[in-house]
Amino acid sequence: MPSVMAAAPTSCSPRGVIPARSSRASRPWAARAYADKRLVAENARVGNVHRMELETRIRNQLLRPELPPSSYDTAWVSMVPLRGSDHSPCFPQCVEWILQNQQDDGSWGINQFDSSVNKDALLSTLACVIALKRWNVGRENIWRGLHFIGRNVSVAMDVQATAPIGFNITFASMLSLATDMGLEFPIRQTDVHGILHLREMELKRQAVDDSCGRKAYMAYIAEGLGKMLDWDEVMKFQRNNGSLFSCPSATAVALIHKYNDQALQYLKLLVSEFGSAVPAVYPSKIHCQLLMVDALEKMGISRHFVSEIKSILDMTFSRWLQKDEEIMMDIATCAMAFRLLRMNSYDVSSDGLSHVAEASTFWNSLQGYLNDTKSILELYKASKVSLSENDLILDSIGSWSGKLLKDKLCSSRVQNTLVFGEMEYAVKFPFYATLDRLEHKRNIECFDAWGSLMLTTKCSSFCVNQEFLALAVEDFSFSQSVYQDELRHLDSWVKENMLDQLQFARQKLTYCYLSAAATIFPSELSDARISWAKNGVLTTVVDDFFDVGGSREELENLIALVEKWHEHHADNFYSEQVKIVFSAIYATTNQLGAKASAAQGRDVTKHLAEIWLNLLRSMMMEAEWQRSQHVPTFEEYMTNSVISFALGPIVLPALYFVGQELLEHAVNDQEYDKLFRLMSTCGRLLNDIQGFEREGGQGKLNSISLLVLHSGSSMSIEAAKKVMQKSIDRSRRDLLRLVLRKESVIPRPCKELFWKMCKILHLFYFQTDGFSSPKEMVGAVNAVINEPLKIQTGDSSLSVSIR
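Criteria and cut-off values
- Residues numbered from 1 in each chain as written.
- Predicted model: local features only at pLDDT ≥ 70, side-chain atom pairs only at ≥ 80, totals over all residues.
- Heavy atoms only, no water.
- Helix = DSSP H or I, 4+ residues; strand = E, 2+ residues; numbered from the N terminus.
- Buried < 20%, exposed > 50% of the residue type's maximum accessible area, 1.4 Å probe, protein only.
- Areas by Shrake-Rupley, 256 points an atom, 1.4 Å probe, with all protein chains shown as cover.
- Phe/Tyr/Trp six-rings, centres within 6.5 Å; stacked < 30°, edge-to-face > 60°.
- Lys NZ or Arg CZ within 6 Å of the ring centre and 35° of its normal.
- Axes fitted to C-alpha atoms, helices over the stretch in contact; angles between N-to-C directions.
- Parallel < 35°, antiparallel > 145°, perpendicular 65-115°, else oblique.
- Left-handed = near helix turned anticlockwise from the far one by under 90°.
- Contact = heavy atoms within 4.5 Å.
- Nonpolar A, V, L, I, M, F, W, Y, C, P; charged D, E, K, R; others polar.
- Arc of directions from axis to C-beta.
- Pairing = 2+ DSSP bridges.
- Salt bridge = Lys/Arg side-chain N within 4 Å of Asp/Glu carboxyl O.
- Patch = residues over 30% accessible without salt bridge, like charges linked within 9 Å, V, L, I, M, F, W, Y side chains within 5 Å.
- pLDDT = per-residue confidence, 0-100.
- Polar contact = N/O pair within 3.5 Å; in protein donor to acceptor, adjacent residues only side chain to side chain.

**Examining the overall build of the protein chain**
Inference 1: Of regular secondary structure, the protein chain possesses 38 helices and four strands.
Inference 2: Across the 803 residues of the protein chain, 55% fall into the buried class.
Inference 3: Summed over its atoms, the accessible surface of the protein chain is roughly 36,600 Å², and 52% of this surface lies on carbon and sulfur atoms.

Structure below.
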């Protein structure tokens, strides 16, 4: 590619003659250019400052999660009497908080993320009103609260509205309690009957169930059942920290009905830590931190918080080994912790999920009784992070949780469309068949879904901060502008090397670049993306040259030229086609080799040339097999095809460009070779399954036809495909295990490139041969490179782009 300096115009003047100097005023174009440059620089400076501020705030939140106060739970804690004195509150500061934090409309519980009247607000307001009446304070506050409930009582009977857990039972019971206390609601008697009827219907429905899950549920909503409960049975659900389900409201109401020293100590600790208002769940620091780590990874910005994430995961791993209640007693937290720890190279065993290995044990839990979508989804995701062929626990969890998710999707019982989309995506695309940047975009655009996938509580709780979204939008939008510039450069490179003039060659530049941009996505890894994409284009050209474009003489000539490399002569080209193909390989490899050598501090160009030579020789062997109609053994075919599948020139040079020192002894290590072979085996067999019919029509043999042929036709095509699918699954698990292994001579960022290519292959060959299709992946190209973000806000969307 011609350098910028070489292309710049020059100006000469006679010696001794000094050209007249023009003022900026006489050159308005220069003034405008100068002003434009200053504007760009200033915008960049402001943007960097804003980004740094966002990162600082997120960093602080990661290490010290802010749990918003729960009006509902604070109200119940405030109702706990001082021991030995029913007329004095044990926690007067909570009563004072209720008095000071009523909204202008008379409500409590409407949060900053959702100002609409909902069942959460009704329940919180009713609890606060009862608490104030309990201590005979805040007459004006009570009056305003009662009228808020009266104005919005229709919301309580809206069966379509999202409801806190146990709302029909709890709200009706608290309404009766308030009436017994002498409170008068401006509500029609028919509405009261309607609310009480909903409770009776709910209690009748549950009466036929005597499972452990139902008993846990009844204890969890104890404030709605009061004297109906056997409190000795309820206290069987008490945790080591003294709480019931780590829930302040359930613990408080239990303490009101049956004194328990541990429960009291739990509430005292809670109030001492949070002051006058308590959160909906405590402790929940690990859960909140894991949610944030998951959010950062899912939106593609985790690389900005590496040390903070490591600190969180180190702490989580330590608590996992201790079987900490905060992790183990909450199914969603346990599953998420397992997935995040394993995918970040922590040695966690699936034994930690053995308590939910069977569907029956899940149904006997609180989350199971609630048929909690979040818990099921987290378990399903965790089940896919399998590293061995016979992990019975993960296999079992994957089987029953996958069936439950599919049943939910078919029955359309999920009202929230964003949650429905999250479930549908997880079922359709396993994590090993996704492109990172496509996932990031989807998660950024569907950010609102996070609120509904948060903690399962009776009222609102922790929510991922909007600052996460702001940083993710900036990061993704900026990277798109980088991708567009790189694609323009690659398009020029194709033309300069005359690759577009080769009639036999498929033009797959955008697909090759998509696979780079969508996986090696950080904007600073430009050299790795360019290397990956250029070599992707070249391997496609070479593959077509050996398949249809070149004669035997041309193929032999190309191999001879690569063998000579620097010693080749310009007059040794058999044809113009050979000249174009070799020149493109030679020039590109040398340019990339020079950059890689500078990055690594040693000469690696010879290695890059050897990668190409190995590929060409393996392709030549397949061409000879076809020409002579030789039928190789299955083992011969696979040994050769993992090289001829042509991933070597794409992946291996890129290892030198990910910012890590890749030593020569690591390149020669058997781990390096195993990573390559496992990745290539997945790709070769995925391609063979999807391309079987097309290649059979061309008279080509592949792994499927060879299995059938060598079995003496005793094996059917479908049976052969199943055998190959098992081999793919085994190779993929073995590859992931190698990538995640900490003891390694190859740096983790380098190993991840093998896994990224494996994911690309699974997506490209997911349902068809996506790489050969002219349209299959066009939508993905546009989504990653061209189309700006569209942030969903309720029923509307907002396009966001930086150009």
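**Some remarks on the packing of aromatic side chains**
Inference 1: By the definition in use, this model includes 21 aromatic pairs.
Inference 2: Relative to Tyr346, the ring of Phe317 has its centre 5.4 Å away and its plane inclined at 50°; by these criteria the two rings are tilted. Of this pair, Phe317 sits in helix H15 (residues 306-321) while Tyr346 sits in the loop between helix H17 (331-343) and helix H18 (359-363), placing them 29 residues apart in sequence.
Inference 3: In this structure an aromatic cluster arises from ring pairing among Trp565, Phe573, Phe582 and Tyr586.
Inference 4: Over the face of the ring belonging to Trp135 we find Arg134, whose NZ or CZ atom lies 4.1 Å from the ring centre.
Inference 5: When the ring centre of Tyr432 is taken as origin, the NZ or CZ atom of Arg732, which lies over that ring, is 3.6 Å away.

**Looking at the packing of helix H31 (residues 634-644) against helix H35 (residues 703-710)**
Inference 1: Running from amino to carboxyl end, H31 crosses H35 at an angle of 165°, the nearest separation of the two axes being 10 Å. Classified by the angle their axes make, H31 and H35 are roughly antiparallel. Considering how the two elements wind past one another, H31 and H35 form a crossing that is left-handed. Packed against H31, whose contacting residues are Phe634, Tyr637 and Met638, the element H35 presents Ser703, Leu706, Leu707 and His710 at the interface.
Inference 2: Here the residues of the contact of H31 with H35 sort into five nonpolar, two polar and no charged.

**Topic: helix H4 (residues 92-100)**
Inference 1: Turning to H4, its buried residues are Cys94, Val95, Trp97 and Ile98. Buried residues in H4, looked at end-on, bunch into an arc of 155°, giving them a common side.

**Side note on the pairing of strand E2 (residues 85-89)**
Inference 1: For strand E1 (residues 81-82) and E2, the ladder comprises two bridges, and the chain directions are antiparallel. Considered in E2, the bridge of Leu82 is made with Ser85.

**A word on the pattern of salt bridges**
Opposite charge on two side chains permits pairing when their charged atoms draw close.
Inference 1: This model, assessed by the stated rule, comprises 42 salt bridges.
Inference 2: Salt-bridge contacts for Glu326 lead to Arg319; the nearest nitrogen and oxygen are separated by 3.3 Å.
Inference 3: Overall, the relative accessible area of 9% leaves Glu326 in the buried class.
Inference 4: Overall, Arg319 belongs to the partly exposed group, its relative accessible area being 23%.
Inference 5: Between Lys403 and Asp407 there is a salt bridge whose closest N-O contact spans 3.2 Å. Of the two residues, Lys403 and Asp407 are both situated in helix H21 (residues 392-411); the distance of four residues between them amounts to about one turn of the helix.
Inference 6: Judged by its relative accessible area of 53%, Lys403 falls in the exposed class.
Inference 7: Through salt bridges with shared partners, a single ionic network connects Arg51, Glu55, Arg59, Arg303, Glu308, Arg437, Asp475 and Glu524.

**Notes on a nonpolar patch on the surface**
Inference 1: Taken together, Val631, Leu701 and Leu709 make up a surface patch of nonpolar side chains, about 230 Å² in accessible area.
Inference 2: Inspection of the secondary structure assignment puts Leu709 in helix H35.
Inference 3: Judged by relative accessible area, Leu709 falls into the partly exposed class, the value being 46%.

**Comments concerning the environment of Trp612**
Inference 1: Tracing the sequence through the fold places Trp612 in helix H30 (residues 605-628).
Inference 2: For the pair formed by Trp612 and Glu563, sequence separation is 49 residues and the distance between their alpha carbons is 9.6 Å.
Inference 3: Excluding residues that lie within four positions of it along the chain, Trp612 makes contacts with Asn535, Leu538, Thr539, Val542, Ile585, Thr589 and Pro649.

**Quick notes on the packing of H35 against helix H36 (residues 717-740)**
Inference 1: Contact pair H35 / H36: the axes reach a minimum separation of 9 Å and the direction vectors enclose 120°. On the basis of the axis angle, H35 is oblique to H36. The chirality of how H35 crosses H36 is right-handed. When H35 is examined against H36, the residues Ser703, Ile704, Leu707 and Val708 are found in contact with a partner set consisting of Ile717, Ala720, Lys721, Val723 and Met724.
Inference 2: Residue classes in the contact of H35 with H36 are distributed as seven nonpolar, one polar and one charged.

**Notes on the environment of Glu325**
Inference 1: Structurally, the position occupied by Glu325 is in helix H16 (residues 325-328).
Inference 2: For Glu325 and Ser246, which are 79 residues apart along the polypeptide, the C-alpha to C-alpha distance reads 9.5 Å.
Inference 3: Sequence-distant contacts of Glu325, defined by excluding residues within four places in its chain, comprise Arg239, Asn240, Asn241 and Asp330.

**Focus on the confidence of the model for the protein chain**
Inference 1: On average, the protein chain scores 89 in pLDDT, and the residues at 70 or more come to 88%.
Inference 2: Segment residues 1-37 is flagged for pLDDT under 50; beyond a separation of four residues in sequence, or across chains, it makes eight contacts in the model.
Inference 3: A low-confidence stretch, residues 449-456 (pLDDT under 50), is modelled with 27 contacts involving residues beyond four sequence positions or located in other chains.

**Things to note about helix H12 (residues 248-257)**
Residues spaced three or four apart along an α-helix face the same direction, because each turn holds 3.6 residues.
Inference 1: Burial of H12 is extensive: eight of the ten residues sit out of reach of the surface.
Inference 2: Inspection of H12 places Pro248, Ser249, Ala250, Thr251, Ala252, Val253, Ala254 and Leu255 among the buried residues, and these make up the whole buried set.
Inference 3: Buried residues along H12 sit in contact with helix H3 (71-78), helix H10 (212-220), helix H11 (231-234) and helix H13 (261-274).

**Let's talk about the side chain of Thr540**
Inference 1: Position of Thr540 relative to the elements: it lies in helix H27 (residues 526-549).
Inference 2: The class of Thr540 is buried, set by a relative accessible area of 4%.
Inference 3: Among the polar contacts listed, one links the side chain of Thr540 to the backbone oxygen of Gly536, at a separation of 2.8 Å.

**Points about unusual backbone geometry**
Inference 1: Along the chain, Tyr282 connects to Pro283 via a cis peptide bond; the corresponding omega equals 0°.
Inference 2: For Pro283, the position within the fold is in the loop between H13 and helix H14 (285-298).
Inference 3: For Asn371, which is not glycine, the phi torsion reads 50° and is therefore positive.
Inference 4: Mapped onto the elements of the fold, Asn371 is located in the loop between helix H19 (366-369) and helix H20 (373-383).
Inference 5: For Gln629, which is not a glycine, the phi torsion comes out positive at approximately 60°.
Inference 6: Here Gln629 lies in the loop between H30 and H31.
Inference 7: Given a relative accessible area of 71%, Gln629 falls into the exposed group.

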